[in-house]
Amino acid sequence: MKSVKAFAPATVANVSCGFDILGFAIDAMGDEVEVRLKDEPGLVVVSIEGDEGRLPYEVEKNTCAVAIQAMLDEMDSQVGMEIYLKKGLPLGSGMGSSAASAVAALVAANRLLGEPFEKKNLLPFAMAAEKVACGAGHADNVAPSLLGGFVLIRDYHPLDVIKLHVPHGLHCTLLHPHFELKTSDSRSVLRDNVSLKHSTIQSGNVAGLVTGLFQEDFELIGRSLRDVIAEPYRATLIPGFYETKEAVKGAGALGMGISGSGPTMFTLSKGEEKSQAIINAAQQVYDSIGLGVDSYHSAINTRGAYILEEK
Ligand SMILES: Nc1ncnc2c1ncn2[C@@H]1O[C@H](COP(=O)(O)OP(=O)(O)OP(=O)(O)O)[C@@H](O)[C@H]1O
Ligand SMILES: N[C@@H](CCO)C(=O)O
(Lines give C-alpha, C1' and ligand atoms only; values in the text may rest on other atoms or scores of the structure.)
(Ligands and ions follow the chains in the order given, each with its own letter.)
Protein backbone atom coordinates (compact mmCIF):
# COMPACT_ATOMS: atom_id res chain seq x y z
CA MET A 1 0.00 0.00 0.00
CA LYS A 2 1.34 3.42 -0.98
CA SER A 3 -1.46 5.85 -0.23
CA VAL A 4 -4.42 6.14 2.19
CA LYS A 5 -7.17 8.75 2.36
CA ALA A 6 -9.18 9.29 5.57
CA PHE A 7 -12.08 11.45 6.75
CA ALA A 8 -12.49 12.97 10.23
CA PRO A 9 -15.73 14.64 11.35
CA ALA A 10 -16.44 18.06 12.81
CA THR A 11 -17.05 18.16 16.55
CA VAL A 12 -18.86 20.13 19.22
CA ALA A 13 -16.56 20.49 22.22
CA ASN A 14 -17.60 21.34 25.80
CA VAL A 15 -21.33 20.65 25.18
CA SER A 16 -22.06 23.60 27.52
CA CYS A 17 -21.25 22.19 30.97
CA GLY A 18 -18.25 20.01 30.07
CA PHE A 19 -15.45 22.54 29.56
CA ASP A 20 -12.48 20.63 28.07
CA ILE A 21 -14.02 17.27 29.11
CA LEU A 22 -17.02 16.62 26.82
CA GLY A 23 -17.49 16.57 23.07
CA PHE A 24 -19.44 14.89 20.31
CA ALA A 25 -18.97 14.33 16.58
CA ILE A 26 -21.41 15.29 13.84
CA ASP A 27 -22.07 13.67 10.49
CA ALA A 28 -22.52 16.77 8.37
CA MET A 29 -18.95 17.95 7.75
CA GLY A 30 -15.29 17.13 8.17
CA ASP A 31 -11.77 17.18 6.70
CA GLU A 32 -10.18 14.70 4.28
CA VAL A 33 -6.48 13.90 4.32
CA GLU A 34 -4.53 11.69 1.92
CA VAL A 35 -1.12 10.46 3.04
CA ARG A 36 1.35 8.92 0.54
CA LEU A 37 4.58 7.12 1.28
CA LYS A 38 7.70 8.69 -0.19
CA ASP A 39 11.20 7.30 -0.58
CA GLU A 40 13.11 9.95 1.35
CA PRO A 41 12.59 10.50 5.10
CA GLY A 42 10.62 13.50 6.37
CA LEU A 43 7.10 14.90 6.03
CA VAL A 44 5.93 17.32 3.34
CA VAL A 45 2.57 19.09 3.13
CA VAL A 46 2.05 19.00 -0.63
CA SER A 47 -1.39 20.58 -1.05
CA ILE A 48 -4.16 22.23 0.97
CA GLU A 49 -7.57 22.83 -0.62
CA GLY A 50 -10.53 24.73 0.77
CA ASP A 51 -8.64 27.09 3.12
CA GLU A 52 -8.37 30.11 0.78
CA GLY A 53 -4.61 29.91 1.12
CA ARG A 54 -4.62 30.56 4.87
CA LEU A 55 -3.20 27.45 6.47
CA PRO A 56 0.51 26.84 6.99
CA TYR A 57 2.49 24.32 4.91
CA GLU A 58 5.33 24.22 7.46
CA VAL A 59 5.45 20.78 9.09
CA GLU A 60 5.97 22.36 12.51
CA LYS A 61 2.69 24.29 12.17
CA ASN A 62 0.22 22.26 10.10
CA THR A 63 -1.76 20.01 12.44
CA CYS A 64 -1.71 17.09 9.97
CA ALA A 65 2.07 17.05 9.97
CA VAL A 66 2.50 17.81 13.69
CA ALA A 67 0.25 14.86 14.56
CA ILE A 68 1.96 12.41 12.20
CA GLN A 69 5.41 13.57 13.35
CA ALA A 70 4.41 12.92 16.99
CA MET A 71 3.39 9.39 16.00
CA LEU A 72 6.62 8.75 14.06
CA ASP A 73 8.69 10.09 16.97
CA GLU A 74 6.96 7.65 19.32
CA MET A 75 7.87 4.82 16.91
CA ASP A 76 11.37 6.17 16.39
CA SER A 77 10.60 5.99 12.67
CA GLN A 78 12.15 7.94 9.80
CA VAL A 79 9.45 7.02 7.24
CA GLY A 80 8.80 9.77 4.69
CA MET A 81 5.24 10.88 3.83
CA GLU A 82 3.44 13.39 1.62
CA ILE A 83 0.28 15.01 2.99
CA TYR A 84 -2.68 16.25 0.89
CA LEU A 85 -5.34 18.11 2.93
CA LYS A 86 -8.88 18.95 1.81
CA LYS A 87 -10.57 21.26 4.36
CA GLY A 88 -14.30 20.72 4.72
CA LEU A 89 -14.63 22.92 7.79
CA PRO A 90 -14.53 26.69 8.21
CA LEU A 91 -11.49 27.93 10.16
CA GLY A 92 -11.89 29.48 13.60
CA SER A 93 -15.55 28.49 13.71
CA GLY A 94 -15.73 26.36 16.83
CA MET A 95 -16.36 23.14 14.93
CA GLY A 96 -13.00 21.55 15.64
CA SER A 97 -11.31 22.32 12.35
CA SER A 98 -7.69 21.89 13.47
CA ALA A 99 -8.68 18.66 15.25
CA ALA A 100 -10.36 17.15 12.17
CA SER A 101 -7.20 17.74 10.10
CA ALA A 102 -4.96 16.11 12.71
CA VAL A 103 -7.24 13.13 13.24
CA ALA A 104 -7.78 12.39 9.53
CA ALA A 105 -4.02 12.59 8.96
CA LEU A 106 -3.28 10.22 11.84
CA VAL A 107 -5.88 7.64 10.83
CA ALA A 108 -4.53 7.63 7.26
CA ALA A 109 -0.86 7.47 8.31
CA ASN A 110 -1.51 4.75 10.89
CA ARG A 111 -3.18 2.58 8.24
CA LEU A 112 -0.34 3.25 5.81
CA LEU A 113 2.09 1.88 8.41
CA GLY A 114 0.01 -1.27 9.00
CA GLU A 115 -1.87 0.08 12.06
CA PRO A 116 0.86 -0.07 14.72
CA PHE A 117 -1.51 1.87 17.01
CA GLU A 118 -5.06 1.08 18.12
CA LYS A 119 -7.36 3.95 17.16
CA LYS A 120 -7.73 5.29 20.70
CA ASN A 121 -3.95 5.28 21.19
CA LEU A 122 -3.61 7.91 18.44
CA LEU A 123 -5.14 10.50 20.78
CA PRO A 124 -1.95 11.87 22.38
CA PHE A 125 -0.54 12.60 18.89
CA ALA A 126 -3.67 14.52 17.93
CA MET A 127 -3.50 16.42 21.22
CA ALA A 128 0.07 17.46 20.43
CA ALA A 129 -1.26 19.01 17.20
CA GLU A 130 -4.04 20.84 19.08
CA LYS A 131 -1.40 22.35 21.34
CA VAL A 132 0.34 23.81 18.31
CA ALA A 133 -2.89 25.12 16.71
CA CYS A 134 -4.72 26.47 19.76
CA GLY A 135 -2.09 26.79 22.50
CA ALA A 136 -3.77 24.07 24.58
CA GLY A 137 -3.60 20.30 24.13
CA HIS A 138 -7.26 19.76 24.97
CA ALA A 139 -8.86 16.49 23.81
CA ASP A 140 -12.55 17.39 23.59
CA ASN A 141 -12.42 17.90 19.81
CA VAL A 142 -9.85 15.27 18.83
CA ALA A 143 -11.34 12.45 20.96
CA PRO A 144 -14.88 12.58 19.48
CA SER A 145 -13.51 13.21 15.99
CA LEU A 146 -11.37 10.08 16.30
CA LEU A 147 -13.79 7.81 18.18
CA GLY A 148 -17.23 9.19 17.25
CA GLY A 149 -20.27 9.70 19.46
CA PHE A 150 -20.22 11.52 22.79
CA VAL A 151 -16.90 11.31 24.60
CA LEU A 152 -15.96 12.17 28.17
CA ILE A 153 -12.36 12.95 29.09
CA ARG A 154 -12.54 11.91 32.74
CA ASP A 155 -8.90 12.80 33.31
CA TYR A 156 -5.94 14.14 31.36
CA HIS A 157 -3.18 12.82 33.67
CA PRO A 158 -3.19 10.00 32.80
CA LEU A 159 -5.56 10.27 29.86
CA ASP A 160 -8.87 8.50 30.61
CA VAL A 161 -11.33 8.74 27.74
CA ILE A 162 -14.82 7.21 27.96
CA LYS A 163 -17.39 6.80 25.19
CA LEU A 164 -20.91 7.67 26.33
CA HIS A 165 -24.26 6.46 25.06
CA VAL A 166 -25.87 8.36 22.17
CA PRO A 167 -29.68 8.44 22.52
CA HIS A 168 -31.62 7.31 19.49
CA GLY A 169 -32.94 10.34 17.57
CA LEU A 170 -30.72 12.96 19.20
CA HIS A 171 -30.12 15.64 16.58
CA CYS A 172 -27.77 18.62 16.42
CA THR A 173 -28.23 21.98 14.69
CA LEU A 174 -25.23 24.27 14.26
CA LEU A 175 -25.53 28.02 13.78
CA HIS A 176 -22.38 29.70 12.52
CA PRO A 177 -22.45 33.52 12.51
CA HIS A 178 -20.18 34.99 9.86
CA PHE A 179 -17.06 35.84 11.81
CA GLU A 180 -14.03 34.02 13.16
CA LEU A 181 -12.99 33.55 16.73
CA LYS A 182 -9.59 32.11 17.52
CA THR A 183 -9.61 29.40 20.16
CA SER A 184 -6.64 31.08 21.85
CA ASP A 185 -8.55 34.41 22.05
CA SER A 186 -11.67 32.72 23.29
CA ARG A 187 -9.65 30.94 25.99
CA SER A 188 -7.94 34.15 27.04
CA VAL A 189 -11.23 35.69 28.31
CA LEU A 190 -11.76 32.85 30.78
CA ARG A 191 -10.96 33.11 34.50
CA ASP A 192 -8.43 30.83 36.20
CA ASN A 193 -10.54 30.42 39.32
CA VAL A 194 -14.05 29.06 39.69
CA SER A 195 -16.15 29.71 42.81
CA LEU A 196 -17.41 26.86 44.96
CA LYS A 197 -20.96 27.84 44.02
CA HIS A 198 -20.24 27.63 40.28
CA SER A 199 -18.29 24.41 40.66
CA THR A 200 -21.34 22.84 42.35
CA ILE A 201 -23.69 24.02 39.59
CA GLN A 202 -21.35 22.85 36.83
CA SER A 203 -20.76 19.39 38.37
CA GLY A 204 -24.50 18.88 38.75
CA ASN A 205 -25.04 19.64 35.09
CA VAL A 206 -22.24 17.38 33.84
CA ALA A 207 -23.68 14.54 35.89
CA GLY A 208 -27.17 15.39 34.63
CA LEU A 209 -26.07 15.45 30.99
CA VAL A 210 -24.26 12.11 31.22
CA THR A 211 -27.24 10.54 32.99
CA GLY A 212 -29.61 12.05 30.42
CA LEU A 213 -27.59 10.50 27.57
CA PHE A 214 -27.60 7.02 29.12
CA GLN A 215 -31.26 7.18 30.12
CA GLU A 216 -32.27 8.74 26.79
CA ASP A 217 -34.01 11.41 28.88
CA PHE A 218 -34.23 14.35 26.47
CA GLU A 219 -35.69 16.76 29.04
CA LEU A 220 -32.81 16.05 31.41
CA ILE A 221 -30.31 16.56 28.58
CA GLY A 222 -31.93 19.94 27.85
CA ARG A 223 -31.92 21.05 31.51
CA SER A 224 -28.27 20.10 31.82
CA LEU A 225 -27.06 22.24 28.89
CA ARG A 226 -26.00 24.97 31.28
CA ASP A 227 -22.52 26.47 31.59
CA VAL A 228 -21.62 28.95 34.34
CA ILE A 229 -17.86 28.72 33.78
CA ALA A 230 -17.08 29.66 30.15
CA GLU A 231 -20.33 30.81 28.54
CA PRO A 232 -20.85 34.01 30.58
CA TYR A 233 -17.45 35.33 29.38
CA ARG A 234 -17.51 33.95 25.84
CA ALA A 235 -21.10 34.98 25.10
CA THR A 236 -19.95 38.61 25.15
CA LEU A 237 -17.82 37.79 22.06
CA ILE A 238 -20.84 36.50 20.09
CA PRO A 239 -23.39 39.14 19.02
CA GLY A 240 -26.97 37.95 19.42
CA PHE A 241 -26.04 34.98 21.62
CA TYR A 242 -28.74 35.30 24.31
CA GLU A 243 -31.45 36.38 21.86
CA THR A 244 -30.64 33.32 19.74
CA LYS A 245 -30.77 31.04 22.75
CA GLU A 246 -34.22 32.27 23.66
CA ALA A 247 -35.45 32.07 20.06
CA VAL A 248 -34.23 28.52 19.40
CA LYS A 249 -35.65 27.22 22.67
CA GLY A 250 -38.96 28.74 21.61
CA ALA A 251 -38.58 26.82 18.34
CA GLY A 252 -38.20 23.48 20.11
CA ALA A 253 -34.49 23.12 20.90
CA LEU A 254 -33.74 21.22 24.12
CA GLY A 255 -31.05 23.82 24.82
CA MET A 256 -28.27 25.82 23.20
CA GLY A 257 -24.64 26.47 23.94
CA ILE A 258 -21.38 27.61 22.37
CA SER A 259 -19.76 24.97 20.18
CA GLY A 260 -16.17 24.65 21.36
CA SER A 261 -14.70 28.11 21.66
CA GLY A 262 -17.31 29.64 19.29
CA PRO A 263 -18.61 31.55 17.51
CA THR A 264 -20.72 28.60 16.26
CA MET A 265 -23.62 27.76 18.55
CA PHE A 266 -25.07 24.26 18.83
CA THR A 267 -28.53 23.10 19.76
CA LEU A 268 -29.71 19.59 20.54
CA SER A 269 -33.20 18.42 19.74
CA LYS A 270 -35.28 15.27 19.83
CA GLY A 271 -35.47 14.20 16.18
CA GLU A 272 -34.66 16.09 13.02
CA GLU A 273 -38.10 17.71 12.61
CA LYS A 274 -37.35 20.73 14.83
CA SER A 275 -34.20 21.69 12.90
CA GLN A 276 -35.80 23.92 10.29
CA ALA A 277 -37.76 25.90 12.90
CA ILE A 278 -34.55 26.29 14.95
CA ILE A 279 -32.65 27.51 11.89
CA ASN A 280 -35.45 29.96 10.99
CA ALA A 281 -35.55 31.34 14.53
CA ALA A 282 -31.78 31.95 14.55
CA GLN A 283 -31.91 33.45 11.06
CA GLN A 284 -34.47 36.02 12.23
CA VAL A 285 -32.21 37.12 15.09
CA TYR A 286 -29.19 37.50 12.82
CA ASP A 287 -31.21 39.28 10.13
CA SER A 288 -32.23 41.80 12.76
CA ILE A 289 -28.62 42.49 13.76
CA GLY A 290 -27.35 42.44 10.17
CA LEU A 291 -24.93 39.50 10.48
CA GLY A 292 -24.94 36.47 8.16
CA VAL A 293 -25.36 33.02 9.69
CA ASP A 294 -24.78 29.57 8.15
CA SER A 295 -26.77 26.66 9.49
CA TYR A 296 -26.19 22.93 9.40
CA HIS A 297 -28.02 20.07 11.00
CA SER A 298 -26.88 16.58 11.54
CA ALA A 299 -27.31 13.33 13.39
CA ILE A 300 -24.58 12.53 15.91
CA ASN A 301 -21.68 10.75 14.17
CA THR A 302 -21.13 7.52 16.10
CA ARG A 303 -18.38 6.15 13.89
CA GLY A 304 -15.62 8.75 14.21
CA ALA A 305 -12.83 9.03 11.66
CA TYR A 306 -12.64 6.41 8.92
CA ILE A 307 -10.68 5.32 5.86
CA LEU A 308 -12.07 6.56 2.53
CA GLU A 309 -9.65 4.92 0.11
CA GLU A 310 -6.38 2.97 0.03
CA LYS A 311 -4.15 2.18 -2.93
N1 LIG B 1 -4.61 21.75 9.30
C2 LIG B 1 -4.37 22.80 10.08
N3 LIG B 1 -3.11 23.12 10.39
C4 LIG B 1 -2.82 24.20 11.17
N5 LIG B 1 -3.74 25.01 11.69
C6 LIG B 1 -5.01 24.71 11.42
C7 LIG B 1 -5.39 23.61 10.62
N8 LIG B 1 -6.74 23.59 10.55
C9 LIG B 1 -7.15 24.65 11.28
N10 LIG B 1 -6.12 25.33 11.79
C11 LIG B 1 -6.08 26.53 12.63
O12 LIG B 1 -6.20 26.15 13.97
C13 LIG B 1 -6.66 27.24 14.72
C14 LIG B 1 -7.58 26.67 15.75
O15 LIG B 1 -8.85 26.81 15.35
P16 LIG B 1 -9.83 25.72 14.93
O17 LIG B 1 -10.20 26.05 13.55
O18 LIG B 1 -9.46 24.36 15.33
O19 LIG B 1 -10.88 26.05 15.94
P20 LIG B 1 -12.28 25.94 15.75
O21 LIG B 1 -12.76 25.38 14.47
O22 LIG B 1 -12.71 27.29 16.13
O23 LIG B 1 -12.70 24.81 16.76
P24 LIG B 1 -12.77 24.71 18.29
O25 LIG B 1 -13.10 26.00 18.92
O26 LIG B 1 -13.86 23.71 18.44
O27 LIG B 1 -11.42 24.19 18.61
C28 LIG B 1 -7.27 28.23 13.74
O29 LIG B 1 -6.45 29.37 13.71
C30 LIG B 1 -7.21 27.50 12.41
O31 LIG B 1 -6.88 28.37 11.35
N1 LIG C 1 -12.51 23.02 25.21
C2 LIG C 1 -11.98 23.90 24.23
C3 LIG C 1 -12.60 23.58 22.91
C4 LIG C 1 -12.26 24.53 21.82
O5 LIG C 1 -11.26 24.08 21.05
C6 LIG C 1 -12.29 25.34 24.63
O7 LIG C 1 -13.43 25.59 25.02
O8 LIG C 1 -11.43 26.20 24.55
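Residues numbered from 1 in each chain as written. Chains lettered and ligands numbered in written order. Predicted model: local features only at pLDDT ≥ 70, side-chain atom pairs only at ≥ 80, totals over all residues. Heavy atoms only, no water.

Naming follows an unreviewed UniProt entry, where the protein chain appears as Homoserine kinase of Algoriphagus jejuensis. We quote the UniProt Function (unreviewed entry) comment for the protein chain here in full: "Catalyzes the ATP-dependent phosphorylation of L-homoserine to L-homoserine phosphate." (UniProt positions renumbered as here; feature names shortened; annotations may be inferred.)

(A) View of unusual backbone geometry. Residue Pro158 is bonded to the preceding His157 through a cis peptide linkage, with omega at -5°. Along the chain, Pro158 falls in the loop between β5 (150-156) and β6 (159-163). Of note, the bond from Gly262 into Pro263 is cis; its omega dihedral lies within 30 degrees of zero at 10°. The residue Asn14 is not glycine, and still its phi comes out positive at about 80°. Residue placement: Asn14 occurs in the loop between β1 (3-13) and β2 (22-38). (Helix = DSSP H or I, 4+ residues; strand = E, 2+ residues; numbered from the N terminus.)

(B) Representation of the site of ligand 1 in the model. Near ligand 1 you find 22 residues, and of these Thr63, Gly94, Gly96, Ser98 and Ser261 are the closest. Between an oxygen atom of ligand 1 and a main-chain N or O atom of Met95, the distance comes to 3.4 Å. The separation between an oxygen atom of ligand 1 and a polar side-chain atom of Ser98 is 2.4 Å. When the free accessible area of ligand 1 is taken as 620 Å², the share hidden by the protein chains comes to 92%. Those elements that provide at least two residues to the shell around ligand 1 are α2 (97-112) and α3 (123-134). Residue contributions to the shell around ligand 1 peak at three residues, all from α2. Taken together, the residues that form the shell around ligand 1 break down as seven nonpolar, 13 polar and two charged. The residue makeup of the shell around ligand 1 includes at least three contributed by each of domain 1 (3-165 + 301-310) and domain 2 (170-299). (Near = heavy atom within 4 Å. Polar contact = N/O pair within 3.5 Å; in protein donor to acceptor, adjacent residues only side chain to side chain. Areas by Shrake-Rupley, 256 points an atom, 1.4 Å probe, with all protein chains shown as cover. Nonpolar A, V, L, I, M, F, W, Y, C, P; charged D, E, K, R; others polar. Domains from an automatic or database assignment.)

(C) Examining the packing of aromatic side chains more closely. Per the stated rule, a full pass over the model turns up five aromatic pairs. Between Phe7 and Tyr306, the ring centres sit 5.3 Å apart and the planes meet at 40°, which makes this aromatic pair tilted. Pair noted here: Phe7 is in strand β1 and Tyr306 is in strand β11 (residues 306-310), with a separation of 299 residues, a long-range link. Residue class for Phe7 comes out buried when judged on its relative accessible area of 12%. (Phe/Tyr/Trp six-rings, centres within 6.5 Å; stacked < 30°, edge-to-face > 60°. Buried < 20%, exposed > 50% of the residue type's maximum accessible area, 1.4 Å probe, protein only.)

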